[in-house]
Amino acid sequence: MPTPPRQRKLIGEAVRKYRKRTGLTQEKLAEKADLHPVYVGEVERGEQTVSVHALIRLASALGVRVRDLVADL
């Protein structure tokens, strides 16, 4: 079952918030998380459903816990 748009948007907003707090660009975050920069942008805009694997990579690169990224769900 696909992730509802509202949930994708909330996750994307959390990723963007923590990325900006750490002073990273989307490109630098993608590099640290070993993900494609376009994918990171799509996740932040809520256009792409993020996999658990990618969510773990993003959280690690941002220095936060996965639960911090999904807290508002």
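In case you missed it, the structure is sitting above this.
Sequence order as written defines the numbering, with residues in each chain counted from 1. Two thresholds apply to this predicted model, a pLDDT of at least 70 for residue-level local features and 80 or more for giving and counting side-chain atom pairs, whereas whole-chain, interface and lining totals are computed over all residues. Only hydrogens and water are set aside; all other atoms, that is, all heavy atoms of the structure, feed into the side-chain values.

**Remarks on helix H2 (residues 26–33)**
Phase 1: Burial here depends on accessible area, computed with a 1.4 Å probe over protein chains only, as a share of the maximum for the residue type. Under 20% is buried, over 50% is exposed, and the range in between is partly exposed. By the criteria applied, helices consist of DSSP H or I runs no shorter than four residues and strands consist of E runs no shorter than two, each listed in order from the N terminus. By the burial criterion, the buried members of H2 are Gln 26, Leu 29, Ala 30 and Ala 33. The arc that holds every buried residue of H2, seen down its axis, measures 100 degrees, which confines them to one face. Opposite the packed face of H2, turned more than 90 degrees from it, sit the exposed residues Glu 31 and Lys 32.
Phase 2: Considering only its buried residues, H2 is in contact with helix H1 (5–22), helix H3 (37–44) and helix H4 (52–62).
Phase 3: Remark: Asp 34 follows H2 within two positions and exhibits a positive phi of approximately 55 degrees. The arc under discussion is defined with respect to the helix axis, by the directions toward the C-beta atoms. Any pair of residues with heavy atoms lying within 4.5 Å of one another is described as a contacting pair.

**Some thoughts on the side chain of Glu 44**
Phase 1: Among the structural elements, Glu 44 can be located in helix H3.
Phase 2: By relative accessible area, Glu 44 is classed as buried at 1%.
Phase 3: Within polar-contact distance, the side chain of Glu 44 engages the side chain of Arg 19 at 2.5 Å.
Phase 4: Residues within four places of Glu 44 in sequence aside, it is in contact with Gly 12, Glu 13, Val 15, Arg 16, Arg 19, Gln 26 and Leu 29. What qualifies as a polar contact is a pair of N or O atoms within 3.5 Å, subject to a donor-acceptor requirement within protein and to the restriction that residues adjacent in sequence count only when both atoms come from side chains.

**Side note on the pattern of salt bridges**
Phase 1: Salt bridge, as used here: a side-chain nitrogen of Lys or Arg that lies within 4 Å of a carboxyl oxygen of Asp or Glu. Evaluated as defined, the whole model comprises five salt bridges.
Phase 2: The partner of Arg 19 in a salt bridge is Glu 44, with the nearest N and O atoms 2.5 Å apart. Here the residue Arg 19 occupies a position in helix H1, and Glu 44 occupies one in helix H3, the gap between them amounting to 25 residues.
Phase 3: Residue Arg 19 is classed as buried on the basis of its relative accessible area, which comes to 9%.

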